Amino acid sequence: MEKLELLYEGKAKKVYKTSDKDLYIVEYKDDATAFNGLKKGTIMDKGIMNNKISTELFKLLEDNGIRTHFVKHLSEREMLVKRVEIVLLEVLVRNYAAGSLTKRYGIEEGTRLDCTVLEFCYKNDELGDPFLNEYHIKAMGLAKEEEVEAIEKMALKINDILIRHMNEKGINLVDFKLEFGRTNDGEIILADEISPDTCRLWDTATNEKLDKDRFRRDMGKVEEGYMEVVRRLC
Ligand code: TMP
Ligand code: ASP
């Protein structure tokens with residue numbers, strides 16, 4: 001598949017057109033940002049590791065009946081994906097309290113939540129991805145009611161599949177972020193990536209953090225955390 005013009009460059013990935021109008025190539029970068037781009041850095045070989053991990057997890061989800069944009073792992077940093085129109089929502093799924101949830105509600109980090117929490121943010125860097133509820137989503141025309149229902153159902157099913165799989169590998173899935181897209185026929189499918197950039201992953205035995213929080217919080221051994229996730233999942 002030939003890589004044509006660059007369509008979009010985000011903080012962690014580039015998206016290219018291909019000779020097939022319905023397929024894009026995603027290139028995973030080593031660039032890392034946090035706090036809406038305020039903190040910038042590089043995580044060596046992150047692009048290679050996130051491409052590997054996302055490939056594994058998209059395949060796992062496809063095998064379990066979740067439709068995703070994943071088509072094929074092309075090279076170290078490149079993945080072939082279906083063209084979708086990205087729904088401008090970041091869907092957060094939380095099993096344990098961490099990150100912004102602990103700050104907002106004063107819950108201690110690591111507290112197991114009595115039920116899984118789903119949250120929506122408006123995917124808009126200029127506004128700093130502000131929180132949204134279902135009313136805002138409908139009022140702003142970001143997604144139809146049936147689409148929001150489909151997204152919620154898929155997000156919870158993805159959570160079940162990932163929790164079970166990661167647990168077998170000694171990883172506790174604390175929380176994560178998903179993005180969805182609409183295909184040509186208007187079907188909602190999973191898009192973006194699933195990696196230590198977009199998930200909080202803790203060692204089940206020691207609670208050691210194996211994800212981007214090591215970068216966000218200057219904890220050191222960032223690459224080692226990602227490498228450990230590759231070792232266990234791939
Ligand atoms: P938060 O606790 O900072 O709201 O993050 C929740 C989860 O979402 C965490 O696993 C990190 C992920 N996330 C992203 O992938 N991108 C983002 O821009 C943010 C804010 C969080
Ligand atoms: N990726 C987001 C940013 O660049 C936030 C994060 O992951 O912490 O700001």
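Our subject in this report is the structure included herewith. Along each chain, residues carry numbers from 1 onward, in the same order as the chain's sequence is written. Here chains are named by letter from A upward and ligands by number from 1 upward, in the order in which they appear as written. Confidence filtering applies because this is a predicted model: local features only for residues at pLDDT of at least 70, side-chain atom pairs given and counted only at 80 or more, and all residues used for totals across whole chains, interfaces and linings. With hydrogens and water stripped out, all remaining heavy atoms of the structure feed into the side-chain values.

**Re the site of ligand 2**
For clarity, the threshold we go by: Any residue with a heavy atom positioned within 4 Å of a molecule or strand is treated as near that molecule or strand. Polar contacts, as counted here, are pairs of nitrogen or oxygen atoms within 3.5 Å of one another; within protein the pair requires one atom able to donate a hydrogen and one able to accept it, and residues that are adjacent in sequence qualify only if both atoms are side-chain atoms. Under the convention used here, a 1.4 Å probe and the Shrake-Rupley method define accessible areas, while residue burial counts only the protein chains that appear.
In the region of ligand 2, the neighbouring residues are Lys-11, Thr-33, Ala-34, Phe-35, Asn-36, Gly-37, Lys-212 and Arg-216. Residue Phe-35 places a main-chain N or O atom 3.4 Å away from an oxygen atom belonging to ligand 2. Between ligand 2 and the protein, one listed contact pairs an oxygen atom with a backbone N or O atom of Gly-37 at 2.8 Å. Isolated, ligand 2 exposes 260 Å² of accessible area, and the fraction of that covered by the protein chains is 73%.

**Regarding the nonpolar core**
Condition: In plain words, nonpolar cores are sets of buried Ala, Val, Leu, Ile, Met, Phe, Trp, Tyr and Cys residues tied together by side-chain atoms within 4.5 Å. Categorising residues by exposure relies on relative accessible area from a 1.4 Å probe, with only protein chains included: less than 20% of the type maximum marks a residue as buried, more than 50% marks it as exposed, and the intermediate range marks it as partly exposed. Runs of E in the DSSP output that reach at least two residues are strands. Runs of H or I that reach at least four are helices, and both are numbered from the N terminus. Here, residues are in contact when the closest pair of their heavy atoms is within 4.5 Å.
Core analysis: the biggest nonpolar cluster contains 52 residues, and Ile-158, Leu-162, Leu-178, Phe-180 and Ile-194 have the highest contact counts within it. In terms of residue count, helix α4 (residues 145-168) provides more of this core than any other element does, eight residues in total. Beyond its immediate stretch of four places on either side in the chain, Ile-194 contacts Ile-53, Ser-54, Leu-57, Phe-58, Leu-61, Leu-162, Leu-178 and Cys-199.

**Focus: the packing of helix α1 (residues 46-63) against helix α6 (residues 222-233)**
As a reminder, the rule being used: Fitted lines through C-alpha atoms give the axes, limited to the stretch in contact for helices. The angle between two N-to-C directions lies from 0 to 180 degrees. Between 65 and 115 degrees an angle is taken as roughly perpendicular, under 35 as roughly parallel, over 145 as roughly antiparallel, and anywhere else as oblique. Handedness of a helix crossing follows the sense of rotation of the near helix relative to the far helix, less than a right angle counterclockwise being left-handed and clockwise being right-handed. Gly is put with the polar residues, along with every residue not named as nonpolar or charged; the nonpolar set is Ala, Val, Leu, Ile, Met, Phe, Trp, Tyr, Cys and Pro, and the charged set is Asp, Glu, Lys and Arg.
Where α1 contacts α6, the axes come no closer than 10 Å and their chain directions differ by 30°. Between α1 and α6, the angle falls in the class roughly parallel. The hand of the α1/α6 crossing is left-handed. Taking contact as the criterion, the partners of Lys-46, Met-49, Asn-50, Lys-52, Ile-53, Glu-56 and Leu-57 in α1 are, on α6, Glu-223, Tyr-226, Met-227, Val-229, Val-230 and Leu-233. Residues that form the contact of α1 with α6 fall into these classes: eight nonpolar, one polar and four charged.

**Comments concerning the site of ligand 1**
Near ligand 1 lie 14 residues; those nearest to it are Arg-94, Ser-100, Asp-175, Lys-177 and Arg-200. Within the side chain of Arg-94, an N or O atom sits 2.8 Å from an oxygen atom of ligand 1. The contact in question runs from an oxygen atom of ligand 1 to an N or O atom on the side chain of Arg-200, over 2.9 Å. Within the complex, 76% of the 450 Å² of free accessible area of ligand 1 lies under protein. Of all the secondary-structure elements, those providing two or more residues to the shell around ligand 1 are β9 (89-96), α2 (99-105), β12 (171-182) and β14 (199-203). Grouping the constituent residues of the shell around ligand 1 by class yields four nonpolar, three polar and seven charged.

**Let's talk about α6**
As a reminder of what qualifies: What a helix is expected to span follows from its residue count: subtract one and scale by 1.5 Å.
With twelve residues, α6 extends 17 Å between its outermost C-alpha atoms, agreeing within 8% with the 16 Å of an ideal straight helix rising 1.5 Å per residue. Along α6, the positions that sit buried rather than exposed are Val-222, Gly-225, Tyr-226, Glu-228, Val-229, Val-230, Arg-232 and Leu-233.

**Some remarks on the packing of aromatic side chains**
Basically, it comes down to this: For Phe, Tyr and Trp, where Trp contributes only its six-membered ring, two rings pair if their centres lie within 6.5 Å, and the inter-plane angle classes them as stacked under 30 degrees, edge-to-face over 60, or tilted in between. Either the NZ atom of lysine or the CZ atom of arginine qualifies as a charge over a ring when it sits within 6 Å of the ring centre and within 35 degrees of the ring normal.
This structure, assessed with the given rule, holds one aromatic pair. With a centroid separation of 6.2 Å and an interplanar angle of 20°, the aromatic rings of Phe-58 and Phe-70 are classed as stacked. Of this pair, Phe-58 sits in helix α1 while Phe-70 sits in strand β6 (residues 70-73), and the two are twelve residues apart along the sequence. Looking at Phe-58, the relative accessible area reads 0%, which means it is buried. One cation-aromatic arrangement involves Lys-3 over Tyr-16; the distance from NZ or CZ to the ring centre is 4.3 Å. The ring of Phe-215 has Lys-39 lying over it, and the distance from NZ or CZ to the ring centre is 5.2 Å.

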